[in-house]
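Each chain, written out:
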Amino acid sequence: MIALPAGSYALVTGASAGIGEAIARGLARRKVPQILVARSEERLAALADELRASSGVAVEAIALDLASEGAGEKLAAATEGAGKPVGLLVNNAGFGFYGPDEDQELDRKLRMLKLNVEFLVDLTHRLLPAMRARRGGYVLNVASTAAFLPVPYMAVYAATKAFVLSYSQALHEELSGRGVAVTALCPGTTRTDFHRVAGLASGAKNPFPSLSPETVAEAGLRGLERGKAIVVPNLLDSVWIFTGRFVPRTLPPRIGAAVFSRLKRSSPV
Ligand SMILES: NC(=O)c1ccc[n+]([C@@H]2O[C@H](COP(=O)([O-])OP(=O)(O)OC[C@H]3O[C@@H](n4cnc5c(N)ncnc54)[C@H](OP(=O)(O)O)[C@@H]3O)[C@@H](O)[C@H]2O)c1
């Protein structure tokens, strides 16, 4: 059970769609008050209205570009700084790019680093002290199975997720016994808008078994409730991640290059 200190909220980034929306729905079923954040103002407001009505608890929406300058400071000020303590931080907002590294614009790579890595550290840094002081809180960071190995044709994206996994595992150990649980959720292919945004053609024959965002979100929330450091929702992913430890480090990226170079591309959003 997720037990937040009285009067506090879950803050879910990237809640307007996909895994973030499914996490918000899972939290609403658990009657956890929430603050939802993403850029799409109308979608967020509609979701907040729906979840408020279905759960009977407070659900607020903040429309904000989290890759913009000062976003971490603004969000911390609008929540913890405005008398809305954050008891659960879900760092979910993120995006990727599919294609040869040289085809990706520098600006897009830097925005990806900003959202997937810099903003995540920024917001976590601003919200953790109050959680530590209250000796109660949760952080759910959405990484990826791409965190476990270099992924050719998704080079920068996979590196951002390797950062998220490493950072989360380290915080999990530092904060264990201090009342703050930190979990890294590592989904494999999940049926969301992620692939369209990343420039992977919808007709591309995806060799990986996919899960629904609802299944992934529920696995993440259950893992958080059980105090797990890492959650890999798809059993098949757990198998290759485990066996990958026993082969030379150079082999998985070579296999990855063979698989990923064949996928069909579309224009990234
Ligand atoms: N789908 C997969 O196969 C998969 C696998 C592994 C990991 N993941 C990770 O799961 C997380 C969620 O992705 P998803 O699959 O749910 O993709 P999605 O359906 O595209 O959702 C992405 C969410 O992030 C928000 N977002 C994107 N850029 C933002 C920005 N600059 N500021 C604020 N919010 C922003 C989007 O909302 P707005 O557009 O409204 O801002 C949306 O709510 C990501 O971190 C992704 O890397 C996904």
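Residues numbered from 1 in each chain as written. Predicted model: local features only at pLDDT ≥ 70, side-chain atom pairs only at ≥ 80, totals over all residues.

Turning next to the environment of Ser176. Mapping Ser176 onto the fold places it in the loop between helix H5 (155-175) and strand S6 (180-185). Note on Ser176: 13 C-beta atoms within 10 Å, which makes it partly exposed. (Helix = DSSP H or I, 4+ residues; strand = E, 2+ residues; numbered from the N terminus. Buried ≥ 20, exposed ≤ 12 C-beta atoms within 10 Å, placed from the backbone.)

Now for unusual backbone geometry. The residue Arg135 is not glycine, and still its phi comes out positive at about 50°. With respect to the helices and strands, Arg135 occurs in the loop between helix H4 (106-134) and strand S5 (137-142). A tally of 10 C-beta atoms within 10 Å means that Arg135 is categorised as exposed. Unusually for a residue other than glycine, Tyr153 sits at a positive phi of about 75°.

Now for the pairing of S5. Of all 6 residues in S5, 6 are buried, a share of seventy percent or more. Both faces of S5 are covered, namely the face carrying Gly137, Val139 and Asn141 and the face carrying Tyr138, Leu140 and Val142. Bridge analysis of strand S4 (residues 86-91) against S5 gives 4 bridges, and the strand direction is parallel. Opposite Asn91, over in S5, you have Asn141 as the bridge partner. Crossover connection from S4 via H4 to parallel S5: handedness right-handed. (Pairing = 2+ DSSP bridges. Right-handed = clockwise from strand over helix to strand, strands pointing away.)

It is worth spelling out the packing of helix H1 (residues 18-29) against helix H7 (residues 213-225) at this point. When two helices pack together, their arrangement is captured by the angle between the axes and the distance separating the axes. It is the contact of H1 with H7, at a shortest axis distance of 8 Å, that shows an interaxial angle of 55°. One way to sum up the angle between H1 and H7 is to call them oblique. For the pair H1 and H7, the crossing hand works out as right-handed. For the pair H1 and H7, contact is made by Gly18, Ile19, Ala22, Ile23 and Gly26 and by Pro213, Glu214, Val216, Ala217, Glu218, Gly220 and Leu221, respectively. (Axes fitted to C-alpha atoms, helices over the stretch in contact; angles between N-to-C directions. Parallel < 35°, antiparallel > 145°, perpendicular 65-115°, else oblique. Left-handed = near helix turned anticlockwise from the far one by under 90°. Contact = placed C-beta atoms within 7 Å.)

Attention now goes to the site of the ligand. In the vicinity of the ligand, 29 residues are found, and the nearest of them are Gly14, Gly18, Arg39, Ser40 and Gly94. Counting residues per element, the ones that place at least two in the shell around the ligand are H1 and helix H6 (194-198). When residues in the shell around the ligand are grouped by element, the largest group, 3 residues, is from H1. For the shell around the ligand, a count of residues per class yields 14 nonpolar, 12 polar and 3 charged. (Near = placed C-beta within 6 Å. Nonpolar A, V, L, I, M, F, W, Y, C, P; charged D, E, K, R; others polar.)

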